[in-house]
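# Observations on the model geometry
The lines below spell out each chain.
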Protein chains: 6
Amino acid sequence: MSRIAVINPNTTSSMTATVVRAAAAAAQPGTVLTGRTPTHGPATVETNADEVAGAAAVLAEIDRAEAESPAPDGYVIACFGDTGLAAAKERAVGPVVGMTEAALVTASLIAHRFTIVTMPRRTLAMSDRVVRELGLGHRCRVRAVDEQVAGVAGGSLQLLDQFVEQSWAAMVEDDAEAIILGCAGLADLVGPLRAELGIPVIEGVAAAVGLVEALVAQGLSTSRANTYAPTGAGR
Amino acid sequence: MSRIAVINPNTTSSMTATVVRAAAAAAQPGTVLTGRTPTHGPATVETNADEVAGAAAVLAEIDRAEAESPAPDGYVIACFGDTGLAAAKERAVGPVVGMTEAALVTASLIAHRFTIVTMPRRTLAMSDRVVRELGLGHRCRVRAVDEQVAGVAGGSLQLLDQFVEQSWAAMVEDDAEAIILGCAGLADLVGPLRAELGIPVIEGVAAAVGLVEALVAQGLSTSRANTYAPTGAGR
Amino acid sequence: MSRIAVINPNTTSSMTATVVRAAAAAAQPGTVLTGRTPTHGPATVETNADEVAGAAAVLAEIDRAEAESPAPDGYVIACFGDTGLAAAKERAVGPVVGMTEAALVTASLIAHRFTIVTMPRRTLAMSDRVVRELGLGHRCRVRAVDEQVAGVAGGSLQLLDQFVEQSWAAMVEDDAEAIILGCAGLADLVGPLRAELGIPVIEGVAAAVGLVEALVAQGLSTSRANTYAPTGAGR
Amino acid sequence: MSRIAVINPNTTSSMTATVVRAAAAAAQPGTVLTGRTPTHGPATVETNADEVAGAAAVLAEIDRAEAESPAPDGYVIACFGDTGLAAAKERAVGPVVGMTEAALVTASLIAHRFTIVTMPRRTLAMSDRVVRELGLGHRCRVRAVDEQVAGVAGGSLQLLDQFVEQSWAAMVEDDAEAIILGCAGLADLVGPLRAELGIPVIEGVAAAVGLVEALVAQGLSTSRANTYAPTGAGR
Amino acid sequence: MSRIAVINPNTTSSMTATVVRAAAAAAQPGTVLTGRTPTHGPATVETNADEVAGAAAVLAEIDRAEAESPAPDGYVIACFGDTGLAAAKERAVGPVVGMTEAALVTASLIAHRFTIVTMPRRTLAMSDRVVRELGLGHRCRVRAVDEQVAGVAGGSLQLLDQFVEQSWAAMVEDDAEAIILGCAGLADLVGPLRAELGIPVIEGVAAAVGLVEALVAQGLSTSRANTYAPTGAGR
Amino acid sequence: MSRIAVINPNTTSSMTATVVRAAAAAAQPGTVLTGRTPTHGPATVETNADEVAGAAAVLAEIDRAEAESPAPDGYVIACFGDTGLAAAKERAVGPVVGMTEAALVTASLIAHRFTIVTMPRRTLAMSDRVVRELGLGHRCRVRAVDEQVAGVAGGSLQLLDQFVEQSWAAMVEDDAEAIILGCAGLADLVGPLRAELGIPVIEGVAAAVGLVEALVAQGLSTSRANTYAPTGAGR
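Structure report, in brief. These figures come from a predicted structure and were not determined experimentally. (Residues numbered from 1 in each chain as written. Chains lettered and ligands numbered in written order. Predicted model: local features only at pLDDT ≥ 70, side-chain atom pairs only at ≥ 80, totals over all residues. Heavy atoms only, no water.)

Here the focus is the overall build of chain A. Secondary structure summary: chain A contains eight helices and eight strands in total. Taken along the three principal axes of its C-alpha coordinates, chain A extends 50 × 35 × 35 Å. A burial count over chain A gives 68% of its 235 residues as buried. Only carbon and sulfur atoms are counted for the fraction: they give 54% of the accessible area of chain A, which is about 6900 Å². Side-chain charges of chain A comprise 17 positive and 25 negative groups, with the mean position of each set lying 6 Å from the other. (Helix = DSSP H or I, 4+ residues; strand = E, 2+ residues; numbered from the N terminus. Buried < 20%, exposed > 50% of the residue type's maximum accessible area, 1.4 Å probe, protein only. Areas by Shrake-Rupley, 256 points an atom, 1.4 Å probe, with all protein chains shown as cover. Lys, Arg positive; Asp, Glu negative; His and termini not counted. Charge placed at Lys NZ, Arg CZ, Asp CG, Glu CD.)

Encoded structure:
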């Protein structure tokens, strides 16, 4: 049994609800999920400045959660681009997995080539960054639907046609065998999109929960050598 | 709850027992694990010819398991190098994860740089192959302890000093923050090595079980577009 | 003078005849070519399971040939994707060259960028794999004509239009300066396609024969250090 | 003539003085340099959490500076790892250059291979990140002297021996032809280290000033398409 | 103050005038620019043979300039593809920057992804070469307008439509955020193209002048270790 | 039967004799080899300036040979670094293969990892350049013996110990399975080095001859699309 905190880096609590629902749908029976919405932070994460504010919000939530007793066994960062992930890994005692890295490694296990469909277009570089950290550029392309994140705070089904269009382009032009949904608020697109495309559609929050559960079950957490050594640790 | 078959590509049943133990240690409570030892196949997988025979053995076991009712919900391939993995993904209805890819994606979540310590030295290229498929060459180095796989059929503690030596070299020279054990029979090294090194030590079979559980929980299996389309599917 | 065995990994003897013809057209005067068709194996190699069976067939043919007196001086593996190549290199005394690696290195000598046109589409990953092993992803793209291999057992001229279409797309969109035919049964397309496109068209079996001749002439064969050490060699 | 703000992401004003001195030594005659020390932020940037706080500090300084009349013509981010750089580029009207990217592109112009000597060892991943964004991994290695940044607040000459040792190792083992100093407070090492090694030693703040001057002179600033579109810009 | 020689590798003096004008527009007030046109060399650099002749012309001009008193403080090589650059770096005492490498590093500072629009199409490989040396293939694509260089000896405005067309394609298909003009004679396109596209347009000669000024200001020149050791230096 | 010209880019005729001997040892019975020594050019190719002069010398020899009747069927460029290769491919009617690219593709066929041992150390970048063009950086490392090329004009056996030392280091530290001799004058080291090391030792001129023979036999020459279109061809 594990207690996992799902951190939404933005202050929009309806999106926290969405991501917790996405997480719950894929969680193991014994897993207890808690959504965390920061009190201060960006309303959505679209710009690089939003990422700075979102990272601070993530870190504040990690610190708050770690101060609880008991602290969570692990964390999911529920924002495409994995805002604040490195700092979160450094600070939390348990493992932390970002939805972007989770979606990518999940796709790599079930498809030879795959495509991220993110939104809005200005965030392409955030996807590129995680793809490059993982080295998956030879298997993954990034596409965008140019809609604002705020528009999915209440649900994303109105974007189905646009995601279908980009996904079909990915299948035809990129030889994509799976689609990654590139935004945290899109969980309700998974079902209709799978039905439409006939190939796997990956939602990163659900993917991340499974990875945190797996790490906890293996007794693994972030390495404390070099990169993620605890703050204040000797040089 | 999921039923996961752990396929040992070689015919050495003591190694099947070892990998099932490794898997069990990390499995979710509701997971039912079944080890499968092929009746025909190589005694160990060390050579490229062993990989050919091992892949056929894996495929035969997949076919046998798929013919059972119910078939397993997913599979782990318990051989470093992920012998027969592509064919297994193609043939099984449920998801299939290799211990090498599992160990690598797990390491990527908890460490910036990491090192595989495999054995024997002649198998370096098998590790290189999986590292390259995943694109992790910029974060992962491969080292070897030059001992034969047959030597660990009854346990691997006698190799602790050699693994410590290579792991320390990895920490000092490669800036490794985690170690991946590069052979299926090494599960009993995990504890002593973690204690010795103070950094995460990743055992791929345990890692793979968690990933299969996560895929099953997400309702995901191998994409049937292109690469892993079922045998006999229309062109 | 060298005796070279051309191994067809599938059991379709008309395809063996085709590849031997392709090889003969490019062989040196003193070269003696022998086609080898396995008695057991897949009818064609299209799926990952076919590759497993094909690799076993290749290995069996290598073993049979090596037992002859004299054994061949070298081998060509005549299947796109180079099924069973690593094991064949390990087992044969003389050099072994796959048609895919042969086509790629040949293209790299006469063109800056080039494109593989393979078939059927589900085999894209097999081409990708060899491209990546050789590191040529920055210069080579892979396209597909979505036809089954069985359809070319009696000749491939009926596919000319489709290959012309993909090749023109490659010239315009990929800036391809040469085309690699991505299947073993396409030798009769070389002439018409060269005439149509005005750029080099590379047939891998012909390319491989030349490389084996060159290796034999240099007194070179597969290295026995590490990766391709003989089966049963000390660790 | 250009007015360039040099932003120190940490609150240690002695380090701001150091980096402004470094910048001044390489600035064009007409350039007016202003150091900016944030009122809130980390004392030094060593951890991932420091980077989150440092990025917020950088952004706050950018906003303050942009509100001045006239705003600076361009900015230098004076922290190895380029904390907050993407957000700064997004927010500032004029160009922004990080000292790490500056050092790397400068090295690429005067040396075939080169090595970063950073500090402390836990920050290796920050250097790796910028090297990878620029794609220079085939020419650049990262080494570390394991000393804390706080120790160089008053000068860095006491570390000369350690930097010489790592630099010599870089010349011998990495075939390094130039050394990049991987921390903002090391400007006083440049002279002694050049004298000792006989190869170029690159200080990133000095390098960044020159690049900002060049961008301003060309009338170039950050592109507003996609990645760095202004905050609040239409989707 | 620095004296910078702008070397045109071809013998067309009207192009030397163009590149010196481009350089002057971006030079610092104290910079003295001298254009140098070789007496022997190719009329334009379009073919690989032109590059051989152009490299010799560059080297001859470097030798002539170095023999002057005082020799220039630094050099710009004003030909896309950076003809003769390695030899020029080796031979000149001061720093030497090619317009292609300059344009690429400049683009990397102000845009996430960018596209070179070069000419004619046969020179694609020359751009690819520099992109690959710098490792920027993940961020930069190369396109071509298929016009001969000789056609721009008297100005390039007649090509505006073709450059607009390729640039728009780059913005839409490559997600390009900046455009690099891939030929030395195109400086008069910068203004109209920026106006048309609304994104940065980078001219490499202007970019190179700024980089040489920056290197001179830092007291940096080409490393004399290994690759660019002076001719005749001890082995 | 094919007539192949072996072009030595330098004016040292004893080295031409050496490379022709190397070529002859591996040539097919019907091949007629002609060594060509330029009348003008560098005495050896060690510096970047030497490469400029050597490329011009190569081109002059190609032009001279193409003017003969009959012209050669193909060419080998016998200088490590493949001086002048692109221009030679452009100008010659028949195929042209450089000894460096030949050695590398040959090594890729018989070894998983391999190491170039070049000389002198200042030429490391020339090897790196060809390795990178071919994309083999993940399998090939470059080492150097720091001796001048002039020293091997009369034979290279005096360097055996140094080549053995670097080769052993390559086997132990780089896991090299084959060694490439990185200079044109080292053919007499092949035998002793093979005997000493027990792994393949590859001499690039011998390798190149075989590749030219293979290309000629396949009726293939350099593509005339884009990069190697004939000089003077329409844009």
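Now for the sheet that holds strand β3 (residues 74-77) of chain B. All names here are of chain B. Taken in spatial order, the four strands make up an open sheet running β2-β1-β3-β4, and their pairing is parallel. This sheet does not close on itself; its edge strands, each paired only once, are β2 (32-36) and β4 (96-98). The mean inter-strand angle of the sheet, taken between neighbouring strand axes irrespective of direction, is 20 degrees. Judged from the three bridges that link them, β3 and β4 form a sheet pairing that is parallel. (Pairing = 2+ DSSP bridges. Axes fitted to C-alpha atoms, helices over the stretch in contact; angles between N-to-C directions.)

Note on sheets: strands pair through backbone hydrogen bonds, and any given pair is parallel or antiparallel. Residue and element names in this part refer to chain F. Here four strands make up an open sheet; going across it, the order is β6-β5-β7-β8 and the pairing parallel. Two strands bound the open sheet, and with one partner strand each, they are β6 (140-144) and β8 (201-203). Averaged over all pairs of adjacent strands, the angle between their axes in this sheet comes to 25 degrees, without regard to strand direction. Across the sheet, helix α7 (residues 190-197) lies against β7 (179-182) and β8, angled at about 165 degrees from β8, the strand it touches most. (Contact = heavy atoms within 4.5 Å.)

Overlaying chain A on chain B yields an RMSD of 0.0 Å, the required transformation being a rotation through 180 degrees with an accompanying axial translation of 0.0 Å. The superposition operator between the copies reduces to a two-fold rotation axis. Using C-alpha coordinates, one finds that chain A approaches the rotation axis most closely at G135(A), a distance of 2.2 Å. (Least-squares fit on C-alpha atoms with pLDDT ≥ 70 in both.)

A word on the relation of the copies chain C and chain A. Both copies of the chain are related through a single rotation about an axis accompanied by a shift along the same axis. Mapping chain C onto chain A is achieved by rotating through 120 degrees and translating by 0.0 Å along the same axis, at an RMSD of 0.0 Å. Expressed as a symmetry operation, the mapping of one chain copy onto the other fits a three-fold axis. No C-alpha of chain C lies nearer the rotation axis than that of H138(C), which sits 5.7 Å from it.

Of all C-alpha pairs spanning chain C and chain D, none lies closer than 14 Å, and the two are not in contact. Over all C-alpha pairs, chain B and chain E never come within contact, reaching a minimum spacing of 14 Å.

All names here are of chain A. Inspection of every chain in the model, using the stated rule, returns 84 salt bridges over all chains. The residue R36 makes a salt bridge to E68 at a minimum N-O spacing of 3.0 Å. Here R36, found in strand β2 (residues 32-36), pairs with E68, found in the loop between α2 (48-67) and β3 (74-77); they are 32 residues apart in sequence, far enough to count as distant. Among the residues examined, E68 registers a relative accessible area of 38% and is labelled partly exposed. Between D174 and R141 there is a salt bridge; the shortest N-O distance is 3.1 Å. Residue D174 is found in the loop between α6 (160-173) and β7 (179-182), and its partner R141 is found in strand β6 (residues 140-144); the two are separated by 33 residues along the sequence. Here D174 falls in the buried class, since its relative accessible area comes to 9%. Through salt bridges with shared partners, a single ionic network connects R36, E61, R64 and E68. (Salt bridge = Lys/Arg side-chain N within 4 Å of Asp/Glu carboxyl O.)

Where interface size is quoted, it is often the accessible area lost as the parts come together. With 47 residues of chain A in contact, the opposing surface of chain B contributes 47 residues. Here chain A packs against chain B, burying approximately 3500 Å² in sum over the two surfaces, 57% of which is carbon and sulfur. On inspection of chain A and its partner chain B, the count reaches zero salt bridges. Looking at the side of chain A that touches chain B, the elements that each hand over two or more residues are α1 (13-26), β4 (96-98), α4 (99-110), α5 (124-134), β8 (201-203) and α8 (204-217) of chain A. Ranked by residues supplied to the side of chain A that touches chain B, first place goes to α8(A) with eight residues. Considering only residue class, the side of chain A that touches chain B consists of 23 nonpolar, 14 polar and ten charged. (Buried area = accessible area lost by both parts, 1.4 Å probe. Nonpolar A, V, L, I, M, F, W, Y, C, P; charged D, E, K, R; others polar.)

For helix α4 (residues 99-110) of chain C, built from twelve residues, the straight-helix expectation of 16 Å at 1.5 Å per residue is met to within 8% by its first-to-last C-alpha distance of 17 Å. For α4(C), a buried count of twelve out of twelve residues is recorded, marking the element as mostly surrounded by other parts of the structure. (Expected span 1.5 Å × (residues − 1).)

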